[in-house]
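Listed here are the chains, written in short residue letters.
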Amino acid sequence: MIWAWLINSRVGQAISGAAVAVSLLLGVMAHQRRDARKDALRDAREKDRDNADSIRDRVRDVPDRVRDYSERGWRD
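Quick caveat, the model's predicted, so the values are computed rather than measured.

Asker: For this particular structure, what's the right way to read the overall build of the chain?
Answerer: Counting its regular elements, the chain contains 3 helices and 0 strands. For the chain, the sequential pattern of α-helices and β-strands runs α-α-α. Only carbon and sulfur atoms are counted for the fraction: they give 58% of the accessible area of the chain, which is about 7,500 Å².

Asker: Explain a negative patch on the surface here, please?
Answerer: On the surface, a cluster of negative charge is contributed by D43, E46, D48 and D50. The residue D50 is located in helix α2 (residues 10–60) in this model.

Asker: What exactly am I supposed to notice about the confidence of the model for the chain here?
Answerer: Residues shown with low pLDDT carry predicted positions that ought not to be read at fine detail. A residue-level look at the chain finds 70% of positions with pLDDT of 70 or above and a mean pLDDT of 78. Ranking the elements of the chain by mean pLDDT puts helix α3 (residues 64–67) last with 60 and α2 first with 86.

Asker: Would you take a moment to explain a nonpolar patch on the surface for this structure?
Answerer: There is a patch of nonpolar side chains on the surface, built from V22, L25, L26 and M29 and spanning about 370 Å² of accessible area. Tracing the backbone through its elements, the reader meets L26 in helix α2.

Scoring rules and cut-offs
- Residues numbered from 1 in each chain as written.
- Predicted model: local features only at pLDDT ≥ 70, side-chain atom pairs only at ≥ 80, totals over all residues.
- Heavy atoms only, no water.
- Helix = DSSP H or I, 4+ residues; strand = E, 2+ residues; numbered from the N terminus.
- Areas by Shrake-Rupley, 256 points an atom, 1.4 Å probe, with all protein chains shown as cover.
- Patch = residues over 30% accessible without salt bridge, like charges linked within 9 Å, V, L, I, M, F, W, Y side chains within 5 Å.
- Salt bridge = Lys/Arg side-chain N within 4 Å of Asp/Glu carboxyl O.
- Lys, Arg positive; Asp, Glu negative; His and termini not counted.
- Charge placed at Lys NZ, Arg CZ, Asp CG, Glu CD.
- pLDDT = per-residue confidence, 0-100.

The structure is reproduced here in structure tokens:
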């Protein structure tokens, strides 16, 4: 019976309006966090690609005389 009174009263309308506002706010916050996670992941991938490109550039600059011995391991 109390719910029937709340639905038709201004108090009930205020409570339902506040519930809708809170749920919208929580939805927006969750969406922003998801976007932040995606941005962080994209930034990490971009940084990793830049690092890989940097390594490839350094390897290309190694002279051929050094490349002959690069995979032979440690020697005394």
